Amino acid sequence: MNIDATVSILANVLYTVMRKRVSTRKAFTYTCKRFGCGKALLEREFLYRLAQEFVSSYYKVLYIVENSGNIRNPSHRVLARAFMYLWLVERGEKIDSKLRKSVKRDVPRIDATIPLDEPWAILSYPKWLFERLASVMPTEEVVKMLSAMNKRVLWIRVNTLKIDVDKALKLLEKEDVYYETNRDIPFLLRVVKSRKPIRKLDLFKNGSIIIQDKASVLTVLALEPEPDMLVYDFAAAPGIKTSLIMQLTENRARVVAFDSSRRRLESMKTLLERYGVDTSRVDLVLSDSTKISLSREADAILVDATCSSSGAISKDPAIKIILRDPRIPQKMSITQTNMLLNALKHGERIVYAVCSILPDEGEEVIEKVLATSPSHRLVDPRIPASRGYKAYSIWDKVRRTIPHIDESEGFFIARLEK
C-alpha cells in the first residue's frame, strides 16, 4: 500500500463530498478520474470500501484529532492521515515511519486513550442529529439505531415480471449467493453473503433481480395497488417503486409518473423497459408535483417525497457529512408539506413516505397537513413495520422502519384516505 497516495485519495474524496454534496461513490469516481487511484497500489473496490469507512468515521476521527492534537478545524489531509494511522493500529499493521512522524506532528497524543464519552462521536454522527433523535426516543434506542445504520443490510427483490421466484432462487444458489427469504414478502430476499457483487450477476444485469431495500418495498405495499387502478407517482424517478407497482399488478395498473428532472425521466424509461414493465401503461410527465393541477382524480397516489435521506446512511455514509447542516430537514419539510397537500386534492388514497429517521419530515409533516386539510384521515398502513415515534399523538396510526428492529433503512410511511 502506498500510504501517501492512499491518504491523498481519501482526502480528495472527503473534500468532494463536502464541497459538491455528492455520494461517496460519486466522490470516489470523480477523484479517481481526476487524480488517478492506481498509485495507491490497492484493488479499486477495496480502496472504495476504505473511502467509505473514512467518510463514515469522519465525526469520530475529527473528535479524536481535535481532542488529542494542536489543531482546530483540521484539513482533509490531516484527517485522512489520522484515519489511516488509527486504521492500521486497529489491525495491528506496521506503521510507516513517515506516516507516524507526520501524524504525531499534528496529533501528538493520538496514541493516548482519548475518552470518547460522547455517543454521537463514538458512533460518528452529527451531534445535532443525535440530540434531535434523543428528544423523541430513549437514548439507548438512538444508540442502537445509529449503530445499526453504520452497517448495510442488503435486500434484493425478485422481479416477477421477468422471472418466477423459485427459478430465481435456484439461479442465485448456483451463483453462491446466500440469502434469507422474508416470511411476509415472498419476492424479497436478504443477502447474507455473495461470492461476487450482486450488480455483477446476470440476473441483476437483465432486470430479473433488483436491489431494493425492504423499507422501500413496504412503501409500495402500503399503497395496495390493484389491476386497472389509476396511480399517480408524485416523485417517480429513478423508477424502482413505479416498477414495483407494475409488478404487484402484473402490468395491469395505469401509472402517471411525475418528476421535475428530464434527465431522470429519460433514465427511468430505460430502467422500466429493462425491468419488463409495460411502458404503454406508464406515462412519464415532466412536472413539479407541488404545483401540478390534474383534471382526473387517481385511485391511489404515492408521494415518495424528496427528503434529507437520513434513513439511507447505511447505503451512503456521505449523508452524515451532508447533514452537518441542521437546517436541511426543515427546508425539506416545506417541499414535503406542499407536495402532500397537492396530492390530497387529486386522490382518494395517498401514501406519504420519506427515507428519513427525523420526525421533522415524518410525524410533524403529517400533523401539519391534517390540521390544514381535514378532507382525509389517517389509516394505519397494513405493513409489517414498527410504529411511529411515541412523542407524537399519531404514533400508532403511522409506520416507521427502525433500522435495528426492521433490518432496513429508516423510512416513515403514512396512509391517508378521503
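On a predicted model such as this, the values are computed, not experimentally measured, just so you know. (Residues numbered from 1 in each chain as written. Predicted model: local features only at pLDDT ≥ 70, side-chain atom pairs only at ≥ 80, totals over all residues. Heavy atoms only, no water.)

*Asks:* I keep staring at the state of the cysteines and nothing clicks. Help me out?
*Replies:* Joining two cysteines, a disulfide is a covalent bond between their sulfur atoms. Summed over the entire model, instances satisfying the criterion amount to one disulfide. Disulfide partner of C32: C37, at an S-S distance of 1.8 Å. On the sign convention where negative means left-handed, the S-S torsion of about -90° between C32 and C37 marks this disulfide as left-handed. Comparing C32 with C37, the two get one shared label, buried. With no disulfide of its own, C307 lies 5.4 Å from the sulfur of C355, the closest cysteine sulfur. Note on C307: relative accessible area 12%, which makes it buried. (Disulfide = S-S within 2.5 Å. Buried < 20%, exposed > 50% of the residue type's maximum accessible area, 1.4 Å probe, protein only.)

*Asks:* Got a minute to help me understand helix 12 (residues 214–223) in this structure?
*Replies:* An α-helix turns once per 3.6 residues; consequently, residues spaced three or four apart project the same way. The buried fraction of helix 12 is high, at nine of ten residues. Here helix 12 has its buried residues at K214, A215, S216, V217, L218, T219, V220, A222 and L223. Sitting at the amino-terminal end of helix 12 is D213, which places a side-chain oxygen 2.9 Å from the backbone nitrogen of A215. With its phi angle positive at about 50°, E224 sits one or two positions after the end of helix 12. (Helix = DSSP H or I, 4+ residues; strand = E, 2+ residues; numbered from the N terminus. Polar contact = N/O pair within 3.5 Å; in protein donor to acceptor, adjacent residues only side chain to side chain.)

*Asks:* Help me understand the packing of helix 8 (residues 127–134) against helix 9 (residues 139–148), please; the structure alone is not making it clear to me.
*Replies:* A packed helix pair is summarised by two numbers, namely the angle formed by the two axes and the spacing between the axes. One way to put it is that helix 8 packs onto helix 9 with a least axis distance of 9 Å and a crossing angle of 130°. Here helix 8 is positioned oblique relative to helix 9, judged by the angle of their axes. The handedness of the crossing between helix 8 and helix 9 is right-handed. Contact residues: helix 8 offers F130, L133 and A134, while helix 9 offers T139, V142, V143, M145 and L146. Of the residues in the contact of helix 8 with helix 9, the class split is seven nonpolar, one polar and no charged. (Axes fitted to C-alpha atoms, helices over the stretch in contact; angles between N-to-C directions. Parallel < 35°, antiparallel > 145°, perpendicular 65-115°, else oblique. Left-handed = near helix turned anticlockwise from the far one by under 90°. Contact = heavy atoms within 4.5 Å. Nonpolar A, V, L, I, M, F, W, Y, C, P; charged D, E, K, R; others polar.)

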